[in-house]
Amino acid sequence: MEIRIFDTPEEAGKAAADIIVETVVANPAAVLGLATGATPLPVYREMIRRYEKGDVTFSKTVTFNLDEYSSLPRKAESSYYTFMWSNLFSRIDIDGDNVHILDGCAPDKAAECARFDGMIEEAGGVDVQLLGIGTNGHIGFNEPADEFTGGTFEVKLSQSTRDSNIKYFADGNMPEYALTIGIGTIMKAKKILLMATGESKAKAIYAAVKGEVTPRCPASVLQNHPDAVFLLDKAAAKLLED
Ligand code: PGA
(Lines give C-alpha, C1' and ligand atoms only; values in the text may rest on other atoms or scores of the structure.)
Protein backbone atom coordinates (compact mmCIF):
# COMPACT_ATOMS: atom_id res chain seq x y z
CA MET A 1 0.00 0.00 0.00
CA GLU A 2 1.06 3.57 -0.62
CA ILE A 3 0.81 6.07 2.24
CA ARG A 4 0.45 9.79 1.54
CA ILE A 5 0.36 12.26 4.42
CA PHE A 6 -1.08 15.79 4.13
CA ASP A 7 -1.15 18.79 6.46
CA THR A 8 -4.94 19.12 6.43
CA PRO A 9 -8.08 17.07 5.68
CA GLU A 10 -8.82 19.45 2.77
CA GLU A 11 -5.48 18.63 1.13
CA ALA A 12 -6.02 14.89 1.57
CA GLY A 13 -9.51 15.28 0.12
CA LYS A 14 -8.20 17.27 -2.84
CA ALA A 15 -5.65 14.54 -3.58
CA ALA A 16 -8.40 11.90 -3.55
CA ALA A 17 -10.59 14.07 -5.79
CA ASP A 18 -7.67 14.61 -8.21
CA ILE A 19 -7.35 10.83 -8.67
CA ILE A 20 -11.11 10.43 -9.13
CA VAL A 21 -11.34 13.32 -11.62
CA GLU A 22 -8.32 12.01 -13.59
CA THR A 23 -9.99 8.60 -13.77
CA VAL A 24 -13.26 10.07 -15.05
CA VAL A 25 -11.52 12.36 -17.56
CA ALA A 26 -9.62 9.34 -18.95
CA ASN A 27 -12.79 7.21 -18.97
CA PRO A 28 -16.06 9.18 -18.63
CA ALA A 29 -17.98 5.93 -18.02
CA ALA A 30 -15.73 4.95 -15.10
CA VAL A 31 -17.29 3.07 -12.19
CA LEU A 32 -16.76 4.78 -8.81
CA GLY A 33 -17.30 3.21 -5.40
CA LEU A 34 -18.34 5.96 -2.99
CA ALA A 35 -18.44 6.36 0.76
CA THR A 36 -20.37 8.41 3.29
CA GLY A 37 -19.40 9.96 6.63
CA ALA A 38 -17.58 13.16 7.54
CA THR A 39 -14.27 12.09 5.97
CA PRO A 40 -15.19 12.16 2.25
CA LEU A 41 -16.88 15.59 2.42
CA PRO A 42 -13.72 17.46 1.27
CA VAL A 43 -13.45 14.98 -1.63
CA TYR A 44 -17.01 15.70 -2.73
CA ARG A 45 -16.54 19.47 -2.34
CA GLU A 46 -13.52 19.30 -4.63
CA MET A 47 -15.31 17.07 -7.18
CA ILE A 48 -18.14 19.64 -7.30
CA ARG A 49 -15.64 22.49 -7.69
CA ARG A 50 -13.87 20.72 -10.56
CA TYR A 51 -17.22 19.97 -12.23
CA GLU A 52 -18.35 23.62 -11.89
CA LYS A 53 -15.02 24.76 -13.29
CA GLY A 54 -15.65 22.61 -16.36
CA ASP A 55 -12.74 20.21 -15.80
CA VAL A 56 -14.91 17.10 -15.81
CA THR A 57 -18.35 15.73 -16.63
CA PHE A 58 -19.90 12.90 -14.65
CA SER A 59 -22.76 12.42 -17.13
CA LYS A 60 -21.67 8.88 -18.02
CA THR A 61 -20.11 7.95 -14.68
CA VAL A 62 -21.55 5.03 -12.74
CA THR A 63 -21.50 4.92 -8.93
CA PHE A 64 -22.06 2.31 -6.24
CA ASN A 65 -22.24 3.28 -2.59
CA LEU A 66 -20.66 1.13 0.08
CA ASP A 67 -23.55 0.81 2.48
CA GLU A 68 -26.95 1.89 3.76
CA TYR A 69 -28.83 1.52 7.04
CA SER A 70 -31.41 -1.26 7.19
CA SER A 71 -35.05 -0.29 7.48
CA LEU A 72 -34.37 3.43 7.09
CA PRO A 73 -36.49 5.00 4.33
CA ARG A 74 -34.39 6.51 1.55
CA LYS A 75 -35.88 9.94 2.12
CA ALA A 76 -34.99 9.90 5.85
CA GLU A 77 -32.65 12.71 6.85
CA SER A 78 -29.97 10.28 8.11
CA SER A 79 -30.05 7.83 5.20
CA TYR A 80 -26.95 7.52 3.06
CA TYR A 81 -29.22 8.06 0.05
CA THR A 82 -30.03 11.55 1.41
CA PHE A 83 -26.37 12.15 2.30
CA MET A 84 -25.14 11.35 -1.21
CA TRP A 85 -27.80 13.36 -3.00
CA SER A 86 -27.30 16.43 -0.76
CA ASN A 87 -23.52 16.38 -0.65
CA LEU A 88 -22.66 15.30 -4.19
CA PHE A 89 -25.16 13.98 -6.71
CA SER A 90 -27.52 16.98 -6.80
CA ARG A 91 -24.51 19.26 -7.39
CA ILE A 92 -22.95 17.48 -10.40
CA ASP A 93 -24.32 16.29 -13.76
CA ILE A 94 -24.57 12.61 -12.85
CA ASP A 95 -27.44 10.63 -14.41
CA GLY A 96 -29.63 9.34 -11.56
CA ASP A 97 -30.02 6.03 -13.42
CA ASN A 98 -26.27 5.46 -12.98
CA VAL A 99 -26.37 5.97 -9.21
CA HIS A 100 -26.65 2.79 -7.14
CA ILE A 101 -27.38 2.84 -3.42
CA LEU A 102 -28.52 -0.23 -1.51
CA ASP A 103 -32.19 -0.17 -0.54
CA GLY A 104 -32.20 -0.70 3.23
CA CYS A 105 -35.98 -1.12 3.13
CA ALA A 106 -36.00 -3.92 0.56
CA PRO A 107 -38.33 -6.64 1.89
CA ASP A 108 -35.84 -9.37 0.96
CA LYS A 109 -32.43 -8.12 2.14
CA ALA A 110 -30.50 -11.11 0.80
CA ALA A 111 -32.02 -10.59 -2.66
CA GLU A 112 -31.17 -6.87 -2.51
CA CYS A 113 -27.54 -7.70 -1.62
CA ALA A 114 -27.27 -10.27 -4.43
CA ARG A 115 -28.82 -7.77 -6.88
CA PHE A 116 -26.21 -5.17 -5.89
CA ASP A 117 -23.26 -7.54 -6.36
CA GLY A 118 -24.72 -8.55 -9.73
CA MET A 119 -24.98 -4.92 -10.86
CA ILE A 120 -21.37 -4.19 -9.86
CA GLU A 121 -20.21 -7.15 -11.88
CA GLU A 122 -22.37 -6.22 -14.84
CA ALA A 123 -20.88 -2.71 -14.76
CA GLY A 124 -17.42 -4.29 -15.14
CA GLY A 125 -16.34 -3.85 -11.50
CA VAL A 126 -15.30 -0.74 -9.60
CA ASP A 127 -12.45 1.32 -11.06
CA VAL A 128 -11.82 3.51 -8.00
CA GLN A 129 -13.20 2.72 -4.55
CA LEU A 130 -13.22 5.52 -1.97
CA LEU A 131 -13.20 4.34 1.66
CA GLY A 132 -13.22 5.88 5.11
CA ILE A 133 -12.24 3.88 8.17
CA GLY A 134 -14.00 3.41 11.51
CA THR A 135 -12.19 3.93 14.81
CA ASN A 136 -12.51 0.13 15.12
CA GLY A 137 -10.87 -0.42 11.70
CA HIS A 138 -14.10 -1.10 9.81
CA ILE A 139 -14.36 -0.36 6.08
CA GLY A 140 -17.85 0.04 4.71
CA PHE A 141 -19.78 -1.52 7.57
CA ASN A 142 -17.49 -4.56 7.71
CA GLU A 143 -17.04 -4.66 11.46
CA PRO A 144 -14.23 -6.50 13.30
CA ALA A 145 -15.06 -10.20 13.08
CA ASP A 146 -13.57 -13.69 13.10
CA GLU A 147 -13.48 -13.94 9.32
CA PHE A 148 -13.25 -11.58 6.38
CA THR A 149 -16.59 -11.14 4.67
CA GLY A 150 -17.29 -11.84 0.98
CA GLY A 151 -20.11 -10.20 -0.99
CA THR A 152 -22.76 -7.68 0.04
CA PHE A 153 -24.64 -8.69 3.20
CA GLU A 154 -26.66 -7.42 6.16
CA VAL A 155 -24.57 -6.72 9.25
CA LYS A 156 -25.33 -5.97 12.89
CA LEU A 157 -23.54 -2.72 13.68
CA SER A 158 -20.94 -2.80 16.44
CA GLN A 159 -21.26 -0.70 19.58
CA SER A 160 -18.27 1.36 18.43
CA THR A 161 -20.00 2.23 15.13
CA ARG A 162 -23.24 2.98 16.94
CA ASP A 163 -21.38 5.30 19.35
CA SER A 164 -19.67 7.11 16.45
CA ASN A 165 -22.78 7.55 14.29
CA ILE A 166 -25.58 8.14 16.79
CA LYS A 167 -24.91 11.88 16.42
CA TYR A 168 -26.46 11.75 12.93
CA PHE A 169 -29.81 10.59 14.35
CA ALA A 170 -31.52 13.57 15.96
CA ASP A 171 -34.18 11.37 17.60
CA GLY A 172 -31.54 8.89 18.85
CA ASN A 173 -33.26 6.19 16.81
CA MET A 174 -30.35 4.60 14.94
CA PRO A 175 -30.90 1.31 13.09
CA GLU A 176 -29.09 -1.69 14.56
CA TYR A 177 -28.43 -3.24 11.16
CA ALA A 178 -27.08 -2.10 7.81
CA LEU A 179 -26.46 -3.47 4.34
CA THR A 180 -22.83 -3.28 3.26
CA ILE A 181 -20.60 -4.34 0.43
CA GLY A 182 -18.32 -7.09 1.76
CA ILE A 183 -14.55 -7.21 1.95
CA GLY A 184 -14.46 -9.60 -1.03
CA THR A 185 -16.25 -7.01 -3.18
CA ILE A 186 -14.07 -4.15 -1.91
CA MET A 187 -10.90 -6.10 -2.71
CA LYS A 188 -12.03 -6.56 -6.34
CA ALA A 189 -11.86 -2.78 -6.97
CA LYS A 190 -9.02 -1.92 -9.33
CA LYS A 191 -7.83 0.99 -7.19
CA ILE A 192 -8.67 1.80 -3.58
CA LEU A 193 -8.37 5.20 -1.90
CA LEU A 194 -8.70 5.03 1.87
CA MET A 195 -8.98 8.43 3.45
CA ALA A 196 -8.63 9.08 7.19
CA THR A 197 -8.43 12.37 9.04
CA GLY A 198 -8.26 13.31 12.71
CA GLU A 199 -6.54 11.83 15.71
CA SER A 200 -9.48 9.55 16.52
CA LYS A 201 -8.42 7.43 13.51
CA ALA A 202 -4.70 7.20 14.40
CA LYS A 203 -4.91 3.82 16.19
CA ALA A 204 -7.02 2.21 13.47
CA ILE A 205 -4.61 3.50 10.81
CA TYR A 206 -1.64 2.16 12.72
CA ALA A 207 -3.28 -1.28 13.04
CA ALA A 208 -4.31 -1.30 9.37
CA VAL A 209 -0.86 -0.33 8.11
CA LYS A 210 1.57 -1.84 10.60
CA GLY A 211 -0.46 -4.58 12.25
CA GLU A 212 -1.07 -8.12 11.06
CA VAL A 213 -3.67 -8.73 8.37
CA THR A 214 -6.65 -9.80 10.44
CA PRO A 215 -10.45 -9.57 10.28
CA ARG A 216 -10.22 -8.05 13.78
CA CYS A 217 -9.04 -4.93 11.89
CA PRO A 218 -10.88 -5.20 8.56
CA ALA A 219 -8.89 -2.38 6.89
CA SER A 220 -5.68 -4.39 7.36
CA VAL A 221 -6.78 -6.56 4.41
CA LEU A 222 -5.80 -3.64 2.17
CA GLN A 223 -2.15 -4.61 2.77
CA ASN A 224 -2.95 -7.40 0.28
CA HIS A 225 -4.46 -5.13 -2.39
CA PRO A 226 -2.19 -4.37 -5.37
CA ASP A 227 -3.21 -0.70 -5.64
CA ALA A 228 -4.37 0.73 -2.30
CA VAL A 229 -3.48 4.33 -1.45
CA PHE A 230 -3.97 5.72 2.07
CA LEU A 231 -4.56 9.48 2.08
CA LEU A 232 -4.10 10.72 5.64
CA ASP A 233 -3.86 14.00 7.43
CA LYS A 234 -1.08 14.41 9.98
CA ALA A 235 -3.37 13.67 12.92
CA ALA A 236 -4.53 10.31 11.52
CA ALA A 237 -0.93 9.45 10.58
CA LYS A 238 0.38 10.45 14.01
CA LEU A 239 1.38 6.95 15.14
CA LEU A 240 3.01 6.11 11.80
CA GLU A 241 5.31 9.05 11.67
CA ASP A 242 8.03 8.04 14.10
P1 PGA B 1 -16.43 9.11 9.32
O2 PGA B 1 -16.80 7.56 9.14
O3 PGA B 1 -15.87 9.54 8.00
O4 PGA B 1 -17.71 9.78 9.63
O5 PGA B 1 -15.43 9.18 10.41
C6 PGA B 1 -15.89 6.73 8.51
C7 PGA B 1 -16.35 5.31 8.58
O8 PGA B 1 -17.02 4.93 9.57
O9 PGA B 1 -16.02 4.53 7.67
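Residues numbered from 1 in each chain as written. Predicted model: local features only at pLDDT ≥ 70, side-chain atom pairs only at ≥ 80, totals over all residues. Heavy atoms only, no water.

### Considerations on the overall build of the protein chain
- When helices and strands are tallied, the protein chain shows seven helices and ten strands.
- Against the globule reference of 18 Å for 242 residues, the protein chain gives a C-alpha radius of gyration of 17 Å, in line with a compact fold.
- Overall, the C-alpha framework of the protein chain stretches about 45 × 40 × 35 Å when taken along its three principal axes.
- Considering the protein chain as a whole, with its 242 residues, one finds that 54% of them fall into the buried category. (Helix = DSSP H or I, 4+ residues; strand = E, 2+ residues; numbered from the N terminus. Rg over C-alpha atoms; globule rule 2.2 N^0.38 Å. Buried < 20%, exposed > 50% of the residue type's maximum accessible area, 1.4 Å probe, protein only.)

### Topic: helix H4 (residues 109-122)
- Given a rise of 1.5 Å per residue, 14 residues ought to cover 20 Å, and the 20 Å separating the end C-alpha atoms of H4 matches this to within 8%.
- Burial in H4 covers these residues: Lys109, Glu112, Cys113, Phe116, Met119 and Ile120. Down the axis of H4, the buried set is contained in an arc of 125 degrees. They therefore lie on one face. Residues of H4 that are exposed and point over 90 degrees away from its buried face: Ala110, Glu121 and Glu122.
- Close packing links the buried residues of H4 with strand E3 (62-65), strand E5 (99-100), strand E7 (153-156), strand E8 (177-180) and helix H6 (183-187).
- The backbone nitrogen of Ala110 lies 3.2 Å from a side-chain oxygen of the residue at the head of H4, namely Asp108.
- Gly124 sits one or two positions beyond H4 and adopts a positive phi of about 95 degrees. (Expected span 1.5 Å × (residues − 1). Arc of directions from axis to C-beta. Contact = heavy atoms within 4.5 Å. Polar contact = N/O pair within 3.5 Å; in protein donor to acceptor, adjacent residues only side chain to side chain.)

### A closer look at empty space enclosed by the protein
- The final tally for this structure, using the stated rule, is one cavity of 30 Å³ or more.
- Taken as a whole, the largest cavity spans an internal volume of roughly 40 Å³.
- Taken together, Asn142, Glu143, Ala145, Glu147, Phe148, Thr149, Ile183, Pro215 and Pro218 form the lining of the largest cavity.
- Within the lining of the largest cavity, the residues separate by chemical class into five nonpolar, two polar and two charged. (1 Å grid on protein atoms, 1.4 Å probe; cavity = no way out; pocket = protein on both sides within 12 Å on 5 of 7 lines; lining within 4 Å. Points joined across faces, edges and corners; volume = space filled by probe spheres on them. Nonpolar A, V, L, I, M, F, W, Y, C, P; charged D, E, K, R; others polar.)

### Brief notes about the nonpolar core
- Leu131, Ile133, Ile139, Leu194, Ile205, Leu222 and Phe230 are the most contacted members of the largest nonpolar core, which totals 36 residues.
- For this core, the secondary-structure elements that each account for two or more residues are E3, H4, H6, strand E9 (191-196), helix H7 (202-210) and strand E10 (228-233).
- Residue contacts for Leu222: discarding those within four places in its chain leaves Met1, Leu131, Ile139, Met187, Ile192, Leu194, Ala228 and Phe230. (Core = buried A, V, L, I, M, F, W, Y, C linked by side-chain atoms within 4.5 Å.)

### Quick word on the sheet that holds E8
- Read across the open sheet, the three strands follow the order E4-E8-E7; overall the sheet is antiparallel. Two strands lie at the open edges of the sheet, namely strand E4 (67-69) and E7, each paired on one side alone. Each neighbouring strand pair of the sheet contributes to a mean axis angle of 30 degrees, computed without reference to strand direction.
- Summarising the sheet, E4 and E8 pair through three bridges and their orientation is antiparallel. Note that in E8 the partner of Tyr69 across the bridge is Ala178. (Pairing = 2+ DSSP bridges. Axes fitted to C-alpha atoms, helices over the stretch in contact; angles between N-to-C directions.)

### Observations concerning the site of the ligand
- Taken together, Gly37, Ala38, Thr39, Gly132, Ile133, Gly134, His138, Tyr168 and Lys201 make up the full set of residues near the ligand.
- His138 has a polar side-chain atom sitting 2.7 Å from an oxygen atom of the ligand.
- For the shell around the ligand, the class distribution of residues is three nonpolar, five polar and one charged. (Near = heavy atom within 4 Å.)

Interpretation in functional terms is not warranted from these geometric data alone.
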